[in-house]
Amino acid sequence: MHRRALRCSLFAAILFGTACGNQSANVGGPLTGSVLAGQWLQDNTVVGSSLALSLSVSDTVVRGTGSYTIEAGRPGSLTVSGVATPTHVSLDFAYDSGALAHFDGTLPVGAVLAGAIKYGPKDAMIPSYSITFHKTG
């Protein structure tokens, strides 16, 4: 009787360890083919303004390009670089005007990428504001 209980406990421990092991192996793992890759457009912009991104993901490295328009200002382009984990996205935007911005957010749920963006150097004491993007392709 004691051996049977021991075998059941051992089986349960192996099963539990395998299930947990598979999940934890994905934390910080490669995201190639991630839902983050593709075309993204900013939601709720001021009329005449827009921010569009085209992102690719290789392992945990995110790269991309984008375009923007500013109400009563000139349109332009930007480059995107950053990293992603299975739960977090950190992106740096370098605008053709010389402006910088940093985005911190969560990995997309469905077709929504949400987080906070702040303009200026990443470590500057500048307030950030909420921003969302929806996937367009």
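Scroll up to find the structure.
Values in this document were obtained by computation on a predicted structure and should not be read as measured data.

Draft legend 1. The arrangement of the environment of S90 in detail. Along the chain, S90 turns up in strand 5 (residues 88-95). Placed 16 residues apart in sequence, S90 and T106 show a C-alpha to C-alpha distance of 8.6 Å. Setting aside chain neighbours within four positions, we find S90 in contact with S81, G82, V83, H102, F103 and D104. A polar contact of 3.4 Å, which involves the side chain of S90, links it to the side chain of H102.

Draft legend 2. Structural detail: the pattern of salt bridges. Applying the stated criterion across every chain yields a total of one salt bridge. In this structure, the salt-bridge partner of R74 is D96, at a minimum N-O distance of 3.3 Å. Of the two residues, R74 sits in the loop between strand 3 (61-69) and strand 4 (76-84) while D96 sits in the loop between strand 5 and strand 6 (100-106), which places them 22 residues apart along the sequence.

Draft legend 3. Seen up close, the sheet that holds strand 5. Around the barrel, eight strands lie side by side as 1-2-3-4-5-6-7-8; this closed barrel has antiparallel pairing. Across this sheet, the average inter-strand angle for adjacent strands is 30 degrees, counted without regard to direction. Pairing of strand 7 (residues 112-119) with strand 8 (residues 129-135), which is carried by six bridges, proceeds in the antiparallel orientation. Within strand 8, the position partnered with V112 by the bridge is H134.

Draft legend 4. Region of the structure containing the nonpolar core. Counting 22 residues, the largest nonpolar core has L36, L51, L53 and F93 as the members making the most contacts within it. Where this core is concerned, the elements lending two or more residues are strand 2 (50-58), strand 3, strand 4, strand 5, strand 6, strand 7 and strand 8. Sequence-distant contacts of L36, that is, excluding residues within four places in its chain, are made with L55, V57, V62, A84, V89, L107, P108 and L113.

Draft legend 5. Summary view of the side chain of H102. Within the secondary structure, H102 sits in strand 6. For H102, a relative accessible area of 6% gives the class buried. At 2.6 Å, the side chain of H102 forms a polar contact with the side chain of D92. The contacts of H102, once residues within four sequence positions are left out, are S90, L91, D92, A116, I117, K118 and K122.

Draft legend 6. View of the packing of aromatic side chains. Under the counting rule described, the total for this entry stands at four aromatic pairs. When the centroid spacing of 6.1 Å and the interplanar angle of 40 degrees are considered together, the rings of Y95 and Y119 count as tilted. Of the two residues, Y95 is situated in strand 5 and Y119 in strand 7; the sequence distance between them amounts to 24 residues. On the basis of an interplanar angle of 80 degrees and a centroid distance of 6.0 Å, the ring pair of F103 and F133 is categorised as edge-to-face. Within this pair, whereas F103 is found in strand 6, its partner F133 is found in strand 8, the two being separated by 30 residues in sequence. Owing to a relative accessible area of 1%, F133 belongs among the buried residues under this scheme.

What counts as what
- Residues numbered from 1 in each chain as written.
- Predicted model: local features only at pLDDT ≥ 70, side-chain atom pairs only at ≥ 80, totals over all residues.
- Heavy atoms only, no water.
- Helix = DSSP H or I, 4+ residues; strand = E, 2+ residues; numbered from the N terminus.
- Contact = heavy atoms within 4.5 Å.
- Polar contact = N/O pair within 3.5 Å; in protein donor to acceptor, adjacent residues only side chain to side chain.
- Salt bridge = Lys/Arg side-chain N within 4 Å of Asp/Glu carboxyl O.
- Pairing = 2+ DSSP bridges.
- Axes fitted to C-alpha atoms, helices over the stretch in contact; angles between N-to-C directions.
- Core = buried A, V, L, I, M, F, W, Y, C linked by side-chain atoms within 4.5 Å.
- Buried < 20%, exposed > 50% of the residue type's maximum accessible area, 1.4 Å probe, protein only.
- Phe/Tyr/Trp six-rings, centres within 6.5 Å; stacked < 30°, edge-to-face > 60°.

Geometric values such as these leave the question of function open.
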